[in-house]
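For reference, the chains in residue letters:
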Amino acid sequence: MTKKLIYMDHGATTPVREEVLKAMLPYFNEYYGNPSSLHAPGREVRRAVEEARQKTAAALGAKPEEIYFTSGGTESNNLVLYGSAEKRASAGHIITTGIEHHAVFDVCQDLEKRGHRVTYLPVDRYGRVSPADVEKAITSDTFLISIMAANNEIGTLQPVSEIGLIAKSKGILFHTDAVQVVGQLPLDVNDLNIDALSLSAHKFNGPKGVGALYIRRGTKITPLYRGGGQERKLRPGTENVPGIVGLGKAVELSVAEIPTKRAATEKLRDRLIAGLLKIDDVILNGHPEERLPGNINVSFRHIEGESVLLSLDLEGIAASSGSACSSGSLEPSHVLKAIGLDHPTAHGSVRFTLGLGNSDADLDYTLEKIPLIVERLRNISPTYHSRQ
Amino acid sequence: MYNEKVVDHFTNPRNVGELTDADAIGETGSFKCGDTMKIFLKVKDNRIEDIKFLTFGCGAAIASSSMMTEMVKGKTLDEAMEISNKDVSDRLGGLPPLKLHCSNLAADALHDAINNYRKSHEAV
């Protein structure tokens, strides 16, 4: 008998859709030309890359020439942060938050070592940064504001529109890591005054290893790599053509479906949250309303998140504890610490992220298993016993 | 990540609970990862007659606690003091390297309980 699998870790990665895979396949061995080649096979492939660029631009309200393909969200974040810092003649000031993904957070820390100053803004208990704090933090040499559109762990949406307006009024480059948002919620870089935006195909049912960076026309960025003229020299290297084609198809489909799938996903999310909160001593992390449609992050007090995950896995349910990228760390998540959770509560955090394929039946099964898992683990827990 | 033996001890932990008439209690925790273990000992004729545990922690922490209790039941206190965290890990067939120093604290908790027993015994 095949083991039951309920996948609720779409925040980590998503399955590639059939339509996306079908679009990609010919670009492995049928249309295999190098898009930089002048001959017919090259031109055919170049056409596919540019079509994907148009689709990506359309999904963001951008122009095709403002889209640069990369290897994913991490590279896009690195490119805009290092690239804008490198462009300066002298060290300057960056504003970010204390809950960014490591692909921004770690780069900021490295830029500090290189002489730049960084302000890591605090967030409230729901994980929201205050636009007033952003404005107050601006100094005469602030050259970049990098604040994520939604947090990958607790799902909280940031007031991107207000922050964009502040950045625009001061003439400061505003970058947002929108890896968790693209394909989930509508985004328009002009409406939101975003100057740079990172996205990654595998978060919206596209392939892994390919992403894009939107950069508003006229923004000066220094490339990280040298050695080729691809992507207008900003990101040299032969293009990952099947990946780019897949990204284009995936972003087209996922953005077109937002109006229909958003409400359905939010309904499932709210049902799972309500079911989990019926269990004694469970708290919801992140904002109760301003959160990603598919994100549920709770802390089961008196037990450890990894033990819950392991138990869920044995029941065929895949979830995660914080971001997958930090699962190798022993320290509690910097995001959960930033919203003020104490050490044991942070350790009890589990993230469920819903997406394509999840159904009410998945929730029925999960809500049947979790109370049993929690009870079993609490029976082993010294802090739960001393509480009683 | 975990082998079958670890998963077995995690899902079916042996000797879980408290001993209300314990002769000694030991406790240890990892500051780094937050795991906490509490060990309850019943000692008779210098031997561990009964042992129970409570653990807040990951799969490795729970499995280590369970395995340790199986390893020491019936042993003299001197023999039990000889058991190291590495012995517990080896009996489990190994733990992921990251877990060795954060979650495998069972022998430390046991030693704390034995030391507490000896202190209270000497004090009498």
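As shown above, the structure is provided for reference.
Computed from a predicted structure; not experimentally measured.

Analysis parameters
Residues numbered from 1 in each chain as written. Chains lettered and ligands numbered in written order. Predicted model: local features only at pLDDT ≥ 70, side-chain atom pairs only at ≥ 80, totals over all residues. Heavy atoms only, no water. Helix = DSSP H or I, 4+ residues; strand = E, 2+ residues; numbered from the N terminus. Rg over C-alpha atoms; globule rule 2.2 N^0.38 Å. Buried < 20%, exposed > 50% of the residue type's maximum accessible area, 1.4 Å probe, protein only. Pairing = 2+ DSSP bridges. Axes fitted to C-alpha atoms, helices over the stretch in contact; angles between N-to-C directions. Contact = heavy atoms within 4.5 Å. Arc of directions from axis to C-beta. Polar contact = N/O pair within 3.5 Å; in protein donor to acceptor, adjacent residues only side chain to side chain.

**Q** How should I be thinking about the overall build of chain B in this particular structure?
**A** If you tally the helices and strands in chain B, you get six helices and three strands. Starting at the N terminus and walking to the C terminus, you meet the elements of chain B as α-β-β-β-α-α-α-α-α. Scaling as 2.2 N^0.38, a compact globule of 124 residues should have a C-alpha radius of gyration of about 14 Å, and chain B matches this with 14 Å. Expressed as lengths along the three principal axes of its C-alpha atoms, the size of chain B is roughly 45 × 25 × 25 Å. Of all 124 residues assigned to chain B, the portion counted as buried reaches 53%.

**Q** When you look at the sheet that holds strand S1 (residues 24-29) of chain B in this model, what are you seeing that I'm missing?
**A** Strand pairing in a sheet relies on backbone hydrogen bonds, with the paired strands running either antiparallel or parallel. All names here are of chain B. The strand order across the open sheet formed by three strands is S1-S2-S3, and the pairing between neighbours is antiparallel. The outermost strands of the open sheet, each flanked by one partner alone, are S1 and strand S3 (47-56). For this sheet, the mean inter-axis angle between neighbouring strands, taken without regard to orientation, is 20 degrees. Bridging between S1 and strand S2 (residues 36-44) involves six bridges; their strand directions are antiparallel. Counterpart to isoleucine 25 in the pairing with S2 is phenylalanine 40. Each of S2 and S3 touches helix H2 (residues 59-72); the most contacted strand, S3, lies at about 175 degrees to it.

**Q** Which parts of the structure should I look at to understand helix H1 (residues 4-11) of chain B?
**A** It helps to recall that an α-helix has 3.6 residues per turn; residues three or four apart then point in one direction. Restricting attention to buried positions, one finds in H1(B) the residues B:Val6, B:Val7, B:His9 and B:Phe10. End-on view of H1(B): buried residues confined to an arc of 165 degrees, all on one side of the axis. Where H1(B) is buried, its residues contact helix H9 (305-314) and helix H12 (360-380) of chain A together with H2 of chain B. Between the side-chain oxygen of the N-cap and the backbone nitrogen of B:Lys5 there are 2.9 Å, and the N-cap of H1(B) in question is B:Asn3.

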